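The residues making up each chain are set out below.
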Amino acid sequence: MRGIVARLTSRALQSVLVIFAAASLAFLMLHLAPGDPISGIADASSVPRELRAQWDAQQGYDQPIAVQYTRWIADVARGRLGQSTSHQRPAIDVLGDRLPHTLLLMSLALGASVLLGAAIGAWQGARAGRRPDRAVTTASLLLYSIPEFWFALALLYVFAYRVHILPATGMFDAAMYDSMTPWQQIIDRARHLVLPWLSLTVMGTAVFARYQRATMSDVMREPFVRTARAKGLSEAAVRRQAWRAAILPIVTLAGLSFPALLTGAVFVERVFAWPGMGSALLDAIDKRDYHLVSACVIIGSAMTALGSLLADIVRAFVDPRLRVS
Amino acid sequence: MPSAPQDTAAPSVAASGVRQRHVTTLLGLISTALLACSSADKVTTGETGGTMVIVQPAEPRTLFPPRANQTHELSVIASVFDRLAEIGPELSTFGDIGFTPRLAKTWSWAPDSLSIAFSIDPLARWHDGVAVRAEDVRYTFHVYTSDAVLSESRSLLGNIDSVSVRDSLTAVVWFKRRTPQQFLDATYSMFILPSHLLASLPDSALVNAPFGRQPVGTGRFRFAQWEAGSRLEIIADTANARGRAKLDRVIWTFVSDLGAATVKLSAGEADFLEQIKPENIPQVASTPSLRLESYLSLRYGFVGFNLNARREPLGAAGTPHPVFGDVRVRRALSMALDRARMVRSALDSLGMVSFGAGPRVLIPDTTVLRQVPFDVAAARALLDSAGWVDTNGDGVREHNGQALTFELLVPTSSATRLKLSVLVQSALKNIGANVVLQNLDGSALGPRLDARDFDAWMGGMQTNPGLQGMRQTWASRGALNHQGYNSPVFDAVLDSALTTFDLARSRGYWARVFQQAIDDAPSVWLYEERLPIAVHKRIRIAPLRADGWYANLADWSVDPAQLIDRDRVGLGGAR
């Protein structure tokens, strides 16, 4: 027990350092890019330089970068993430609005991707080299290589424009939602979720399936599989045993995909106007919104650390050898 | 007199509370019924009712008028707030010609014209029910000119000395000097703010105050709700003294990808799209439920030349730019561009060749202007005469060891300017000029312009009515005169045009102003756009004003014969 606590403490400290380093890097690199938050919200061709300079001074952006950095770090240490210039309200409020939307979309998409990807990959791995495997491999490779943005647009075009069986953008029907019954509201939100979820899930499934297939086909050639067959276990039981050994890389990959819960859906959120963290981050970078970008990075790196930790725990649960070590 | 003991008073208070609740409930039911009847009645008569869903690429940052400067912010603000008086459709800025009452019911000029007394409409109410007072006008001027608020409009209010309150319904605006545009100064740049809600806050807290996300105005629409990232809704103010807005609701939704926004519109999920990419116009045109409209805007585009050496501060003594310091070169470059063909190629029927340093809507008489002609042979000859010749046969002219090569900055935010920049590059190659295109996003372009670290740029300006902005954009000391154009003649005639009270002489001065800018060619005056909008066919729109499509939004309505589901929601649940 003491060992576990020590290890968790060590990981937590590591995580704090990682978060600090990542956020500092983001803050400094954004400051090195041309422009500043004021140039991001006020067109230089239409707002006089003097006025922009006054806005800069009002927000403290005219201070040397070291001063800005020190002040920002001090604020972050006190739990204040600063004021978003592109939203003109506290960055924490922007995140508070956006985070639940992204968590909803990405958790559903990531969960489905892992499950479907693991199932399809395991099915393929057990039949590696046969015609069905080759067909599915080709299909998943095709999906894997399609740009996410393009795929999302294609879905939008087909299902929202051509066939028009699903809504195009947003999280709900902006005009009718308030007059719906609670049950209709749930259905409306589900309908709006389908296309962004499908975009992410299909692409994610292709990734997980490829990894799962590769490990599964390797495991199927392991001596313990031959032994199991020699002992007369049914093929289904053999595959179950093999799959348990082959799931470890998927667990690691799922853990590493954890940050995508926050930032992974940048393009899909943009196409479907899903008001999540990804689109907020993209917009914030475009507008040089220092505080919002830094806040996103802090949350993102915290999620990375947490995901990595969770992956370790799950791996230990799944693989007895790791528990022993 | 001794007060009644609490234990005897309590039942009375409780009973009174219960009665009050019953009365309130009863009144609520009656008013709801009346509202429902009136709403239904109005829908059937076609006068009012309906919902319009607008899809736009960006979400407002704030609805606090002094700090809102983008079209997508102003479209909401202009519907929720009022000015003292509203400019007419002709955008005339000469005195109060064409202006119509808004919060001010009437106004009277002082004999010396150095003040105007605005009489506030006694029936005008804020959306929270409080009466509008002259103090609101005085407070608004204070906020717009506050050092802590730093409003962009402050520079347009420079001629206003102060605002005083004569009585509770009369605000007097005092001017520093008489100008033909002083009525515009007093009205156009300020949306009146509620002092009873804001005056208790320090000025420094106003910009980020909750009011910016839950505004209370006096317009014919009132704010209903704003869900960050999803929608912003305004509803008709049924108690408005000037009459409720014809539409029940207007809802803005935010889709940053214009392609997806067009799909949303074509799929019938939205009724109005303000920005349409040229490549999406056929898709909109082929959608039976939509119609395309366009309107002249106050935008114009140009190729702006840096007339001084790179990085030389504005207003410095002025080392001429090695290429653009010579007016003959600038005119030759203008002559080499077939602007009509270029504009047609980039903008099709939505583009027009610009007349000069302002949008045609604001130029009093365009017929008298003599343009630089398109004449490639003359352009070559002019460059030859200026000493620019291709001595080494590499296709690029030189003069005193300086090649006729320059960098052209292009903002990536403008598809039109990106297209035109390529055409400019190609056309100028024909006369031996080498143009190096440098595409930059807005955040990177701004610092380059500020530092004057450029040769030329694909510029664009959005002006206000009245052309006072020309002092900033083209006069020698103008803060937005990135080109460093410095012509005493231009400055003098511009000053005369902006200050004369004789309408006929004013037109003459304006003609000279624009002609001077054409002759001096600090820029190639390239294009103006008719801005396309797509709107659902059931929506009946009011005339679109050049300074903003949204100017008469309260008069837009829905054809009662074409109602769809969302039109039947009435004022909705967001009241």
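1. Observations regarding the overall build of chain A
Okay, step 1: Summing up its helical and strand segments, chain A has 16 helices and two strands in all.
Okay, step 2: Once the C-alpha set of chain A is aligned to its principal axes, its extents read approximately 85 × 60 × 40 Å.
Okay, step 3: Within chain A, the fraction of its 325 residues that count as buried is 42%.
Okay, step 4: For chain A, the share of sequence-separated contacts (at least 6 apart) that also reach a separation of at least 24 residues comes to 75%.

2. Section: the overall build of chain B
Okay, step 1: The helix and strand tally for chain B stands at 16 helices and 21 strands.
Okay, step 2: The dimensions of chain B, computed from C-alpha atoms along their principal axes, are 110 × 60 × 40 Å.
Okay, step 3: Here chain B holds 575 residues, and the buried ones make up 46% of them.

3. Describing the interface of chain B and chain A
Okay, step 1: In this complex, chain B contributes 48 residues to the contact, which on the side of chain A involves 48 residues.
Okay, step 2: Put simply, the parts of the chain that give the side of chain B that touches chain A at least two residues each are strand E1 (51-56), strand E10 (249-254), helix H7 (258-266), helix H13 (442-450) and strand E18 (456-462) of chain B.
Okay, step 3: The element contributing the most residues to the side of chain B that touches chain A is H13 of chain B, with eight residues.
Okay, step 4: A per-class count over the side of chain B that touches chain A returns 18 nonpolar, 21 polar and nine charged.

4. Some remarks on unusual backbone geometry
Residues and elements named next belong to chain B.
Okay, step 1: The backbone of Arg 452 shows a phi angle near 55 degrees, a positive value even though the residue is not glycine.
Okay, step 2: Tracing the backbone shows Arg 452 in the loop between H13 and E18.
Okay, step 3: The class of Arg 452 is partly exposed, set by 18 C-beta atoms lying within 10 Å.
Okay, step 4: Positive phi is not limited to glycine here, since Leu 467 has a value of about 60 degrees.
Okay, step 5: Assignment of secondary structure puts Leu 467 in the loop between E18 and helix H14 (470-473).

5. Examining the pairing of E10 of chain B
Remark: a regular strand shows side chains that alternate across the two faces of the sheet.
Residue and element names in this part refer to chain B.
Okay, step 1: Burial analysis of E10 places six of its six residues in the buried class, the great majority of the element.
Okay, step 2: Residue alternation in E10 divides its side chains into two sets, Arg 249, Ile 251 and Thr 253 and Val 250, Trp 252 and Phe 254, and both sets are buried.
Okay, step 3: Note: E1 against E10, six bridges, orientation parallel. Pairing of Ile 54 across the sheet is with Trp 252, part of E10.
Okay, step 4: Across five bridges, the pairing between strand E9 (residues 231-236) and E10 is antiparallel. Counterpart to Arg 231 in the pairing with E10 is Thr 253.

6. As for the environment of Leu 198 of chain B
Residues and elements named next belong to chain B.
Okay, step 1: Checked against the element boundaries, Leu 198 lands in helix H5 (residues 195-198).
Okay, step 2: Spatially, the C-alpha atoms of Leu 198 and Gln 181 are 29 Å apart, while their sequence positions differ by 17 residues.
Okay, step 3: If we skip the residues at most four places from it in the chain, Leu 198 touches Leu 193, Leu 206 and Phe 211.

7. Considering the confidence of the model for chain B
Okay, step 1: Confidence in the prediction for chain B averages 88 pLDDT; 91% of positions are at 70 or higher.
Okay, step 2: This prediction of the complex comes with two scores: 0.85 for pTM and 0.84 for ipTM.

8. Comments concerning the sheet that holds strand E6 (residues 160-167) of chain B
All names here are of chain B.
Okay, step 1: Ordered by their spatial adjacency, four strands build an open sheet running E4-E5-E7-E6, and the pairing between neighbours is antiparallel. The open sheet terminates on both sides in strands that have one partner only, identified here as strand E4 (104-109) and E6. Across the sheet, the axes of successive neighbouring strands diverge by a mean angle of 20 degrees, strand direction being ignored.
Okay, step 2: In this sheet, strand E5 (residues 115-120) lies alongside E4 in antiparallel orientation, the contact comprising five bridges. In the strand pairing of E5, Trp 109 is matched with Ile 116.
Okay, step 3: The strands touched by helix H3 (residues 134-144) within the sheet are E5, E6 and strand E7 (170-175), with E6 carrying the most contacts at an inclination of about 165 degrees.

9. Observations concerning the environment of Ser 92 of chain B
All names here are of chain B.
Okay, step 1: Here Ser 92 lies in the loop between strand E2 (85-86) and strand E3 (100-101).
Okay, step 2: Residues Ser 92 and Pro 364 lie 272 residues apart in sequence; the distance between their C-alpha atoms is 9.9 Å.
Okay, step 3: When residues no more than four places from it in sequence are discounted, the contact partners of Ser 92 are Ile 97 and Gly 98.

10. Topic: helix H10 (residues 339-347) of chain B
Residues and elements named next belong to chain B.
Okay, step 1: Those residues of H10 that fall on the buried side of the exposure criterion are Arg 339, Met 342, Val 343, Ala 346 and Leu 347. The buried side chains of H10 occupy one side of the element, clustering within an arc of 100 degrees when seen end-on.
Okay, step 2: Along its buried surface, H10 packs onto strand E13 (351-353), helix H12 (415-429) and strand E19 (523-536).
Okay, step 3: Just past H10, the residue Asp 348 takes up positive phi, approximately 55 degrees.

11. Side note on the environment of Val 130 of chain B
Residues and elements named next belong to chain B.
Okay, step 1: Along the polypeptide, Val 130 turns up in the loop between E5 and H3.
Okay, step 2: Overall, the presence of 14 C-beta atoms within 10 Å leaves Val 130 in the partly exposed class.
Okay, step 3: Those residues within four positions of Val 130 in sequence are excluded, and the remaining contacts are Arg 125 and His 196.

12. Remarks on the packing of helix H15 (residues 488-499) of chain B against helix H16 (residues 503-520) of chain B
If you want to describe how two helices pack, look at the angle between their axes and the distance between the axes.
Residues and elements named next belong to chain B.
Okay, step 1: Interhelical geometry of H15 versus H16 gives an angle of 155 degrees and a closest axis separation of 8 Å. Taken together, the axes of H15 and H16 are roughly antiparallel relative to one another. For H15 against H16, the interelement crossing comes out left-handed. Contacts between H15 and H16 involve Val 489, Phe 490, Val 493, Leu 494, Ser 496 and Ala 497 from the former and Ser 506, Tyr 509, Trp 510, Arg 512, Val 513, Gln 516, Ala 517 and Asp 520 from the latter.

13. Overview of the pairing of strand E8 (residues 221-227) of chain B
Residue and element names in this part refer to chain B.
Okay, step 1: Across the seven residues of E8, five count as buried, placing the element largely inside the fold.
Okay, step 2: With six bridges connecting them, E8 and E9 associate as antiparallel partners. The residue of E9 that forms the bridge with Glu 227 is Arg 231.
Okay, step 3: What sits between E8 and E9 in their antiparallel hairpin is a turn of three residues, with Gly 229 showing a positive phi close to 85 degrees.

14. What about the packing of helix H6 (residues 131-145) of chain A against helix H8 (residues 182-219) of chain A?
All names here are of chain A.
Okay, step 1: Interaxial distance between H6 and H8 falls to 9 Å at its minimum, and their mutual angle equals 130 degrees. Comparing their axes, H8 and H6 come out oblique. When the axes of H6 and H8 are compared, the crossing they make is left-handed. Listed contacts from H8 to Thr 137, Ser 140, Leu 143 and Tyr 144 of H6 are Val 202, Met 203, Ala 206, Val 207, Ala 209, Arg 210 and Arg 213.
Okay, step 2: Classifying every residue of the contact of H6 with H8 by side-chain character gives seven nonpolar, two polar and two charged.

Rules of the game
- Residues numbered from 1 in each chain as written.
- Chains lettered and ligands numbered in written order.
- Predicted model: local features only at pLDDT ≥ 70, side-chain atom pairs only at ≥ 80, totals over all residues.
- Helix = DSSP H or I, 4+ residues; strand = E, 2+ residues; numbered from the N terminus.
- Buried ≥ 20, exposed ≤ 12 C-beta atoms within 10 Å, placed from the backbone.
- Contact = placed C-beta atoms within 7 Å.
- Nonpolar A, V, L, I, M, F, W, Y, C, P; charged D, E, K, R; others polar.
- Pairing = 2+ DSSP bridges.
- pLDDT = per-residue confidence, 0-100.
- Axes fitted to C-alpha atoms, helices over the stretch in contact; angles between N-to-C directions.
- Arc of directions from axis to C-beta.
- Parallel < 35°, antiparallel > 145°, perpendicular 65-115°, else oblique.
- Left-handed = near helix turned anticlockwise from the far one by under 90°.

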